[in-house]
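Take a look at the letters that make up each chain.
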Amino acid sequence: MNREGGRCVSADIAAGVSPAAALFHSLADETRLRIVRRLARGEVRVVDLTAELGLAQSTVSKHLACLRDCDLVDYRAEGRQSFYSLTRPELIDLLTSAEHLLAATGHAVTLCPRHGAGAPEPGREPVS
């Protein structure tokens, strides 16, 4: 999600990236990963997600919209309620594979100075 309209992948990014890069960009946010993990257990309402994740309704809704824009999540209406679910169960296989890869590499990516916890934000230089 970015500041330009709340989309997962801005038009500028989308114009120059492969579909695989766009997919991983859409999953590059911890909140969206938490939502996907919750949806792996079954459909859920926004109000339930806000309670389970401890986040504001607007935050959850923006992340769900991002995942919907990427066709990874959809919802069904029942009366005045919307129930969200994963559209692609293969997404769980992808995340499971990623967890196996992280375990096999000793979570080296979390220690990587370019991509780990100490990495600078995109567009910012590291502080020396």
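Structure report, in brief. Bear in mind the structure is a predicted one, so any value in this text is a computation, not a measurement.

## Considering unusual backbone geometry
So, point 1. Positive phi, normally seen in glycine, also occurs at Asp-71, with a value near 60°.
So, point 2. With respect to the secondary-structure elements, Asp-71 resides in the loop between α5 (57-69) and β1 (73-78).
So, point 3. Given a relative accessible area of 55%, Asp-71 falls into the exposed group.

## What about the packing of helix α3 (residues 30-39) against α5?
Helix-helix packing is described using two parameters, namely the angle between the two axes and the distance between the axes.
So, point 1. The interhelical angle for the contact between α3 and α5, taken along N-to-C directions, is 75°, at an axis separation of 10 Å. Accordingly, the angle class assigned to the pair α3 and α5 is roughly perpendicular. On α5, the residues touching Thr-31, Arg-32, Ile-35, Val-36 and Leu-39 of α3 are Val-60, His-63, Leu-64, Cys-66 and Leu-67.
So, point 2. For the contact of α3 with α5, the class distribution of residues is seven nonpolar, two polar and one charged.

## Quick notes on the nonpolar core
So, point 1. Grouped together as the largest cluster of nonpolar side chains are 17 residues, with contacts concentrated most on Ile-35, Val-36, Leu-39, Leu-49, Leu-64, Leu-67 and Val-73.
So, point 2. At the level of secondary structure, the elements contributing two or more residues to this core comprise α3, α4 (46-53), α5, β2 (81-86) and α6 (90-104).

## Considering the packing of aromatic side chains
So, point 1. Tallying each qualifying case throughout the model produces one aromatic pair.
So, point 2. Here Tyr-75 and Tyr-84 contribute two aromatic rings whose centre-to-centre distance is 5.5 Å and whose plane-to-plane angle is 40°, an arrangement assigned as tilted.
So, point 3. Judged by relative accessible area, Tyr-84 falls into the buried class, the value being 11%.
So, point 4. When the ring centre of Phe-83 is taken as origin, the NZ or CZ atom of Arg-76, which lies over that ring, is 4.6 Å away.

## Notes on α3
So, point 1. Buried within α3 we find Thr-31, Arg-32, Ile-35, Val-36, Arg-38 and Leu-39. Buried residues of α3, seen end-on, are gathered within an arc of 160° and therefore sit on one face of the element.
So, point 2. In this structure, the buried side of α3 is in contact with α2 (19-26), α4, α5, β1, β2 and α6.
So, point 3. Residue Asp-29 occupies the N-cap position of α3, its side-chain oxygen lying 2.8 Å from the main-chain nitrogen of Thr-31.

## With respect to the environment of Tyr-84
So, point 1. Turning to its location among the elements, Tyr-84 is positioned in strand β2.
So, point 2. Residues Tyr-84 and Val-44, 40 residues apart in the sequence, show an inter-C-alpha distance of 5.3 Å.
So, point 3. Beyond its immediate chain neighbours, meaning those up to four positions away, Tyr-84 contacts Leu-39, Gly-42, Glu-43, Val-44, Val-46, Leu-64, Arg-68, Val-73, Asp-74 and Tyr-75.

## Things to note about the pattern of salt bridges
So, point 1. In total, this model carries eight salt bridges according to the counting rule given.
So, point 2. Glu-52 is paired through a salt bridge with Arg-38; the nearest N and O atoms lie 2.8 Å apart. Residue Glu-52 is found in helix α4, and its partner Arg-38 is found in helix α3; the two are separated by 14 residues along the sequence.
So, point 3. Residues Glu-52 and Arg-41 are paired through a salt bridge, measuring 3.4 Å at the closest nitrogen-oxygen approach. Of this pair, Glu-52 sits in helix α4 while Arg-41 sits in the loop between α3 and α4; the two residues are eleven residues apart in sequence, bridging distant segments of the chain.
So, point 4. Take Glu-52: its relative accessible area is 42%, and that puts it in the partly exposed class.
So, point 5. When its relative accessible area of 63% is taken as the criterion, Arg-41 is described as exposed.

Definitions and limits used
Residues numbered from 1 in each chain as written. Predicted model: local features only at pLDDT ≥ 70, side-chain atom pairs only at ≥ 80, totals over all residues. Heavy atoms only, no water. Helix = DSSP H or I, 4+ residues; strand = E, 2+ residues; numbered from the N terminus. Buried < 20%, exposed > 50% of the residue type's maximum accessible area, 1.4 Å probe, protein only. Axes fitted to C-alpha atoms, helices over the stretch in contact; angles between N-to-C directions. Parallel < 35°, antiparallel > 145°, perpendicular 65-115°, else oblique. Contact = heavy atoms within 4.5 Å. Nonpolar A, V, L, I, M, F, W, Y, C, P; charged D, E, K, R; others polar. Core = buried A, V, L, I, M, F, W, Y, C linked by side-chain atoms within 4.5 Å. Phe/Tyr/Trp six-rings, centres within 6.5 Å; stacked < 30°, edge-to-face > 60°. Lys NZ or Arg CZ within 6 Å of the ring centre and 35° of its normal. Arc of directions from axis to C-beta. Polar contact = N/O pair within 3.5 Å; in protein donor to acceptor, adjacent residues only side chain to side chain. Salt bridge = Lys/Arg side-chain N within 4 Å of Asp/Glu carboxyl O.

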